[in-house]
Amino acid sequence: MSRSPSFSVKPEHNLRPDPEALQQWVVTFCIIRFDLEQGQLIEECYPPGLLTNEEELDVAFSSFPDSISQHQNRSSIHDCIFFFRIRRRKASEKSNVSNVTAPEITGIDDKEASSMSTEEKSTPRTKIRKNDKGLKYLYGYVFNRQRHDERLKRGGEQKSVVILSHNPYSGVFRPLLQIMGPLYFDMGKKALEHIAAYVSMWPAPVPGKLMELPIGNAMLKVNLPPAHSLPLENGMFEESASSIAPFLPTNQSVPQGLFHDSDIFGTFRGILLQLWVLWELLLIGEPILIIGPTPSQCSEAVASLVSLVAPLLYSVDFRPYFTIHDPEFACLNSLQGDSFPPIVLGVTNLFFLKALRNIPHIVSVGSPAPNSNRLPFSNRSSSGRMPGRPEGLGLQQLSLKKFSPSRLLNAVKLRRDGPLCLMTEHKEAIWSTYTATTKPDTSILNRLIDAGMSPRVEESMSVVNNEILRRHFLELTTNFLAPFGPFFRANTPSEGSSPFADPPPLPPFSTDEFLASLSARGVGKFLSKRMRSNWLDLYRRFLKGPNFMPWFQRRRAVAEQEQHRLWRQARLKTDIQLFLSKMSELEVVDSFNAIERHLNGEIELRSSGRASADSAATCQKLKKDLQAVFNVLPKDMQQLLLMNPERAALLQGIPEPTKLPGYPSLEIGVAPSTSPR
């Protein structure tokens, strides 16, 4: 993102928001005040009327830090930015929200991916969403201001400026909040109208592309996450076949998953060794509870974890900032034993340690915030070195002293005390009985740079460290998914074969056969160096987990679409005459039926408005090919075919009969009047 140092709006332009265009990016803007008598109150929604009463309550409760997590800050003004994700509650669902069951919490449904027709797979899928029917989640991006003033009741006040969207575009809405939040506290309600007017002038979002989004005299330059990382509920977008290929992207600035801008290094700096454990837990869809001192830290941690498994489509429900007021808390609180659903929860209220004591994996991140407004980067210094000198984070600095007696005792004490020890003192740690297959990559850890005391240097070094970590886990995930590559490999017509036949189906997938084949040939050089001998168990867990099937079905749909495009392209380039001279009569009839089917498919797409740019040329080419095949059929067969009025209409208006060696010349450009009806 780049923006000018000073931001100003230009009221002389008399901008008016376009509600329909605004909906491409934002559902509504909210102003929420914390009232001492009545609690959280929504003062303003712009545009109004787009949330149910229940949704307004959900948004209000999610837009303020928990009282238990508050840090006593003596500064007069304290700002923080965080985000949350809540389930939509339509009016028809008001009476059913309290009856949410555990399986419903698992999140994204991608069954539509396997139900598209062949014609639909050949068309670009980029389109603007006209309504929010069927969308499950709202993302709320919050600018919270706490103003401490002894003259006010209880010594201060709290307000939150919230952007609500169906899109997980943190790279857009976080910098927008940095402009919009202070602007609201300067201008009041007019700021919402100004920002809405500018946002409604933005072009429609294009996943995976660099977008330049003007806002006043500023310009946001943001790479949106790619289509393959977005749930299908967020709209149908064109997906590139390259997103399914088992190789790394050449351009590292292009995001490969959600929350590409999250601060992995700053968030997990105290427990970097555990990132490989967390990567596996995310991969197989295990439930995880993330505890942070502030909403900013816990939401950043959840975003960082989701980004860790790119380019995998993460299909587990995740809540960057979850409170006890969420309607699904009662359901989670009532779960017993091992029945916890796949979910990642970010919380600040330590009450969750007792309420959700059955959750199998608990991670504590961050540190109580100092008196600083700088977020989300940490301002921690390392010990035992000169400040201000960037250098590698050595094994000792990363707590890799495996044989230190004090470290061993501390680890034993931490495990013995359990996560409830956080009730008395916050520590960065992980509590889990899961044994990882993947070994921490010490070569990656040694490349990380420790910036020392300077906040400015530390922030720039965090960017470098995040790129190193994100590149490594992208490579790790890509190699892990590589064995599935043959099941997404699109076929092209072989030399000498007719492209007018239907393409062969993609290879069928069988879990048992896949595991047996993988066990026989091995996992590959990259993973074999980084995984223990039980690596096949990780694949078994992944295949049974909630992430595999949605991702696999989505990739198959994209592969089928790509295969359909390749065969369609081959039909446009093929000279039908070269094939007709070598065909038997039966093959000629089969070709006629195939071309007719492809032509009808193109006509159907054109009539429905979903045709591609070259559809007119494709129809013309297929009509000529259909006529050419028709002309070499026996006369009795021709007359039989022309008894169908729709087929006769397809064959009309194309002169130029074809004469081939061994076949009589027949003029059937227009159906003869003596033909049967």
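Predicted model only: the values in this text are computed from it and were never measured.

**Q** Teacher, can you tell me more about the overall build of the protein here?
**A** Across its full length, the protein holds 22 helices and 14 strands. For the protein, the accessible area works out to roughly 31,400 Å², and carbon and sulfur atoms hold 52% of it.

**Q** Before we go on, may I ask you to explain the sheet that holds strand S8 (residues 288–291) in this structure?
**A** Two modes of strand pairing occur in sheets, parallel and antiparallel, and in both the strands are linked by backbone hydrogen bonds. The mixed open sheet is built from 5 strands, whose spatial order is S9-S10-S8-S11-S13. Strand pairing shows two members of the sheet lacking a second neighbour, strand S9 (317–319) and strand S13 (429–431), which therefore form its edges. Ignoring which end each strand starts from, the neighbouring axes of this sheet average 10° apart. As paired elements, S8 and strand S11 (residues 361–364) share 4 bridges and run parallel to each other. Its bridge partner lying in S11, Ile290 is registered against Val363. Contacts from helix H8 (residues 295–308) reach S8, S9 and strand S10 (343–347) within the one sheet, and its direction differs from that of S10 by about 155°.

**Q** What is the right way to read the sheet that holds strand S4 (residues 137–148) from this model?
**A** If you trace the 5 strands from one edge of the open sheet to the other, you get S2-S1-S5-S4-S3, paired in antiparallel fashion. A strand with exactly one partner marks an edge of an open sheet, and here the two such strands are strand S2 (39–46) and strand S3 (77–87). Taken over all neighbouring pairs, the strand axes of this sheet differ in orientation by 20° on average, direction set aside. With 6 bridges joining them, strand S1 (residues 28–35) and strand S5 (residues 156–165) adopt antiparallel strand pairing. What sits directly across from Ile32, in S5, is Ser160.

**Q** Where do I start with the packing of aromatic side chains in this structure?
**A** Within this structure, the stated rule accounts for 40 aromatic pairs. Taking the ring centre of Tyr137 as reference, the NZ or CZ of Arg85 above it sits at 3.7 Å. The aromatic ring of Phe185 is capped on one face by Arg145, whose charged end is 4.6 Å from the ring centroid.

**Q** Mind showing me how you'd approach the pairing of S1 here?
**A** Remark: a regular strand shows side chains that alternate across the two faces of the sheet. Where burial is concerned, most of S1 is hidden: 6 out of the 8 residues are buried. Pairing of S1 with S2, which is carried by 7 bridges, proceeds in the antiparallel orientation. If you follow Ile31 over to S2, its bridge partner there is Glu44. The antiparallel pairing of S1 with S2 creates a hairpin that spans 3 residues between the two strands.

**Q** Sorry if this is basic, but what is going on with helix H14 (residues 511–521) here?
**A** Structurally, the α-helix is built with 3.6 residues per turn, so residues lying three or four positions apart point the same way. Those residues of H14 not exposed but buried are Phe514, Leu515 and Leu518. For H14, the buried positions fall inside an angular range of 95° around the axis, keeping them on one side. Turned more than 90 degrees off the buried face of H14, the exposed positions are Asp512, Glu513 and Ala520. The elements touched by buried residues of H14 are helix H16 (535–544). A positive phi of about 95° marks Gly522, the residue just after H14.

**Q** What's the story with the side chain of Ser262 in this structure? I'm lost.
**A** Mapped onto the secondary structure, Ser262 falls in the loop between strand S7 (218–223) and helix H6 (264–268). Among the polar contacts listed, one links the side chain of Ser262 to the backbone oxygen of Phe259, at a separation of 2.9 Å. Not counting the four nearest positions on each side in its chain, Ser262 is found in contact with Glu300, Ala303, Ser304, Ser307, Asn466 and Arg470.

**Q** Got a minute to help me understand the packing of helix H17 (residues 548–573) against helix H20 (residues 615–631) in this structure?
**A** Helix-helix packing is described using two parameters, namely the angle between the two axes and the distance between the axes. H20 packs onto H17 with a crossing angle of 60° between their chain directions and a minimal axis gap of 9 Å. By the angle class used here, H17 and H20 are oblique. Like other packed secondary-structure pairs, H17 and H20 cross with a definite hand, here left-handed. Counted together, Arg568, Arg571 and Leu572 of H17 and Ser615, Thr618, Lys621 and Asp625 of H20 form the full contact between these two elements.

**Q** Looking at this structure, how should I read the pattern of salt bridges?
**A** Side chains that carry opposite charge are capable of pairing whenever their charged atoms lie near each other. Taken as a whole, this structure holds 21 salt bridges when the rule is applied. In this structure, the salt-bridge partner of Asp502 is Arg597, at a minimum N-O distance of 2.9 Å. Placement of the pair is Asp502 in the loop between helix H13 (455–481) and H14 and Arg597 in helix H19 (residues 585–607), with a sequence separation of 95 residues. When the shortest N-O distance is used, the salt bridge between Glu602 and Arg568 registers 2.6 Å. With Glu602 in helix H19 and Arg568 in helix H17, the pair connects residues that are 34 residues apart, well separated along the chain. According to the relative accessible area criterion, Glu602 is buried, its value standing at 7%. For Arg568, a relative accessible area of 10% corresponds to the buried category. In the salt-bridge network here, residues are joined through shared partners; they are Arg85, Arg87, Asp317, Arg319, Asp326 and Glu328.

**Q** Just to check I follow, could you spell out H20 for this structure?
**A** With 17 residues, H20 extends 24 Å from end C-alpha to end C-alpha; this agrees with the ideal 24 Å at 1.5 Å per step. Extensive coverage of H20 is indicated by the burial of 12 of its 17 residues. The set of residues buried in H20 consists of Ser615, Thr618, Cys619, Lys621, Leu622, Asp625, Leu626, Gln627, Ala628, Val629, Phe630 and Asn631. Considering only its buried residues, H20 is in contact with H17, helix H18 (576–580), H19, helix H21 (635–641) and helix H22 (645–651).

**Q** Where do I start with the pairing of S3 in this structure?
**A** Of all 11 residues in S3, 10 are buried, a share of seventy percent or more. Bridging between S3 and S4 involves 11 bridges; their strand directions are antiparallel. When the sheet's bridge partners are listed, Ile86 is paired in S4 with Leu138.

**Q** Looking at this model, I keep getting lost on the confidence of the model for the protein. Mind explaining?
**A** One rule of thumb: low pLDDT means the predicted coordinates there are not for detailed reading. Taken as a whole, the protein shows an average pLDDT of 79; of its residues, 75% reach a score of 70 or greater. Strand S12 (residues 391–392) is the least confidently modelled element of the protein, averaging 42 in pLDDT, while helix H7 (residues 275–283) averages 97, the highest of any element. Low pLDDT, under 50, characterises residues 371–397; the stretch is placed with 72 contacts to residues that sit more than four places away or in other chains.

**Q** Just to check I follow, could you spell out the packing of H14 against H16 for this structure?
**A** The N-to-C vectors of H14 and H16 enclose an angle of 160°; their axes lie 11 Å apart at closest approach. Looking at the two axes, H14 sits roughly antiparallel to H16. As for how H14 packs across H16, the hand of that crossing is right-handed. Judged by residue contacts, Thr511, Phe514, Leu515, Leu518 and Ser519 of H14 engage Trp535, Leu536, Tyr539, Arg540 and Leu543 from H16. Residues of the contact of H14 with H16, tallied by class, amount to 7 nonpolar, 2 polar and 1 charged.

**Q** Explanation requested: unusual backbone geometry in the structure shown.
**A** Glycine aside, the phi torsion of most residues is negative, and most peptide linkages are trans. At the junction of Tyr46 and Pro47, the peptide bond is cis and its omega measures out at -5° in the coordinates. With respect to the helices and strands, Pro47 occurs in the loop between S2 and helix H2 (53–62). At the junction of Ala310 and Pro311, the peptide bond is cis and its omega measures out at 10° in the coordinates. Along the chain, Pro311 falls in the loop between H8 and S9. At Phe259, a position not held by glycine, the phi torsion is positive, near 55°. Within the fold, Phe259 resides in the loop between S7 and H6.

Thresholds, definitions, all that
- Residues numbered from 1 in each chain as written.
- Predicted model: local features only at pLDDT ≥ 70, side-chain atom pairs only at ≥ 80, totals over all residues.
- Heavy atoms only, no water.
- Helix = DSSP H or I, 4+ residues; strand = E, 2+ residues; numbered from the N terminus.
- Areas by Shrake-Rupley, 256 points an atom, 1.4 Å probe, with all protein chains shown as cover.
- Pairing = 2+ DSSP bridges.
- Axes fitted to C-alpha atoms, helices over the stretch in contact; angles between N-to-C directions.
- Contact = heavy atoms within 4.5 Å.
- Phe/Tyr/Trp six-rings, centres within 6.5 Å; stacked < 30°, edge-to-face > 60°.
- Lys NZ or Arg CZ within 6 Å of the ring centre and 35° of its normal.
- Buried < 20%, exposed > 50% of the residue type's maximum accessible area, 1.4 Å probe, protein only.
- Arc of directions from axis to C-beta.
- Polar contact = N/O pair within 3.5 Å; in protein donor to acceptor, adjacent residues only side chain to side chain.
- Parallel < 35°, antiparallel > 145°, perpendicular 65-115°, else oblique.
- Left-handed = near helix turned anticlockwise from the far one by under 90°.
- Salt bridge = Lys/Arg side-chain N within 4 Å of Asp/Glu carboxyl O.
- Expected span 1.5 Å × (residues − 1).
- pLDDT = per-residue confidence, 0-100.
- Nonpolar A, V, L, I, M, F, W, Y, C, P; charged D, E, K, R; others polar.

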